[in-house]
Amino acid sequence: MNNDYRARNHPAWWAFLMHRLSGLALSLFLPFHFWALGNALQGEARMDALLKWTEQPLLKFAEIMLVLLLAAHLTGGLRLLALEFLPWRGWQKSLLAWAAGAAFAVGLAFALAL
Amino acid sequence: MNMLQVSVWRGGASGGYRIYEVPRQESQSVLDVVTYIQRHIDPTLSYRFACRVGMCGACAMTVNGVARWTCRTHVSKVVKGNAIQIAPLANLPVIKDLVTDMRGFFDKWARARGQFVSGSGTTRKDDFARVASDSPERVAANAGIECIGCGVCYASCDVVSWNPDYLGPAALNRAWTLVNDVRDGARRERLAAVAGDAGCHACHTHLACSERCPKDIEPTASIAGLKRAVARAALKGEL
Ligand code: SF4
Ligand code: SF4
Ligand code: FES
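Residue positions are given per chain, counted from 1 along the sequence in the order it is written. Going through the entries in the order they are written, you letter the chains from A and number the ligands from 1. In view of the model being predicted, local features appear only for residues whose pLDDT reaches at least 70, and side-chain atom pairs are presented and counted only at 80 or more, with totals across whole chains, interfaces and linings using the full set of residues. Side-chain numbers here rest on the full set of heavy atoms in the structure, without hydrogens or water.

Enquirer: If you had to explain the overall build of chain A to someone new, which residues and values would you point to?
Expert: Tallying secondary structure elements over chain A gives 5 helices and 0 strands in all. Mapped in sequence order, the helices and strands of chain A form the string α-α-α-α-α. Our radius of gyration is a C-alpha quantity, and the globule rule it is checked against amounts to 2.2 Å times the number of residues to the power 0.38. In terms of C-alpha radius of gyration, chain A reaches 18 Å, well past the compact-globule figure of 13 Å for 114 residues. Here the C-alpha coordinates of chain A stretch approximately 55 × 35 × 25 Å along the principal axes. Considering chain A as a whole, with its 114 residues, one finds that 28% of them fall into the buried category. Contacts are assigned to residue pairs with any non-hydrogen atoms lying within 4.5 Å of each other. Nonlocal contacts in chain A, meaning residues at least 24 apart in sequence, comprise 70% of its contacts between residues at least 6 apart. The Shrake-Rupley method, run with a 1.4 Å probe, gives the accessible areas here. Residue values count only the displayed protein chains as cover. For chain A, the exposed surface amounts to about 7700 Å²; the carbon and sulfur share of it is 75%. Just so you know, the count uses Lys and Arg for positive and Asp and Glu for negative, and it drops His and the chain ends. Positions of charges follow a simple convention, taking NZ of Lys, CZ of Arg, CG of Asp or CD of Glu. Averaging the positions of the 9 positive and the 6 negative side-chain charges in chain A gives two centres separated by 15 Å. Helix and strand definitions here come from DSSP, where helices need a minimum of 4 consecutive H or I residues and strands a minimum of 2 consecutive E residues; each element is numbered from the N-terminal end. When accessible area is computed with a 1.4 Å probe and restricted to protein chains, residues below 20% of their type maximum are described as buried, those above 50% as exposed, and intermediate ones as partly exposed.

Structure representation (structure tokens):
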């Protein structure tokens, strides 16, 4: 027999899902990132036009989401490294809360600084 | 009388759920519910238990989708309205009803070299080995030693579902307690047995095993310990 979602409904599994999804989303964004950078090679005007285009509110919002994803993936990775390399017992839940909190704080700081 | 609606898996792998009405009682365990069905409604229901006090590890089942030891799981903790669903453990072949074939699970303990091998050449005529109770090895072994072999962690692990060869949390936890047994003489062979794709390196650190283990063991920590021990041994050229 196989497990269904009920077996997976616990904090560490959600953390795993978040880490996996943020990783996938970031890797999907990467080609756009390179494409945008590549535009700089085509001259200043073209790059400026692109940067102007990204000033739209919707894209600003997407940018905040991107920073949140990055922060989530980074803190999720740090959490994993801590789990793998530090001798631990019993504090993985607090670690998880720290990782989520830190990711959120970074996202918020970025959103407010805009 | 207050009745529970209990849906119980009947048959082998291609069976289905059947619903039974069981009187609700105070301080009732899920195992009590299953036993009531077998004693009062349908004597052909198969299930396993022995100690009824959380020592033998025989009574594990999937209760409302989550693997649990049923003798120490109160109905009040898991009941949804007045419904409970009881199925055999996941990740193991179903023999009949709530009974799974645990052979694969225990064979993996053997494959992970879960047996103690005396390393000092001492015999039963010699005095006891002395291991300081606060030594780091003893503390690490202690953290995993209370395993009752119930299979709850194994049934909860996604990597076991994905890779049927994966040794799984319980066997690896057992190996880790022995790696920390200073009297043991098979450290190198054991580390070689638990390294690699079907061993500790397959673990995704989902922590499902640690979340569900009824004995509050954290196999994930033991597996992380094995990964570090294997890496250290490999660096020293011992593997
Ligand atoms: S931590 Fe490792 S062994 Fe435990 S459930 Fe997750 S993948 Fe399986
Ligand atoms: S580690 Fe925990 S869940 Fe796994 S077999 Fe041992 S007692 Fe059961
Ligand atoms: S019957 Fe022995 S642990 Fe439940």
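Enquirer: Got a sec to walk through the environment of B:I37? Specific residues and values, please.
Expert: When you line up the elements, B:I37 lands in helix 1 (residues 30–41). Contact partners of B:I37, with chain neighbours within four places excluded, come to B:V6, B:V8, B:Y20, B:V22, B:D42 and B:L45.

Enquirer: With reference to specific residues and values, describe the pattern of salt bridges.
Expert: Salt bridges are identified by distance alone: a Lys or Arg side-chain nitrogen within 4 Å of an Asp or Glu carboxyl oxygen. The final tally for this structure, using the stated rule, is 12 salt bridges over all chains. The partner of A:R6 in a salt bridge is A:D4, with the nearest N and O atoms 3.0 Å apart. For A:D4, a relative accessible area of 28% corresponds to the partly exposed category. Residues joined in a network through salt bridges with shared partners are B:R10, B:R18, B:D42, B:K96 and B:D97.

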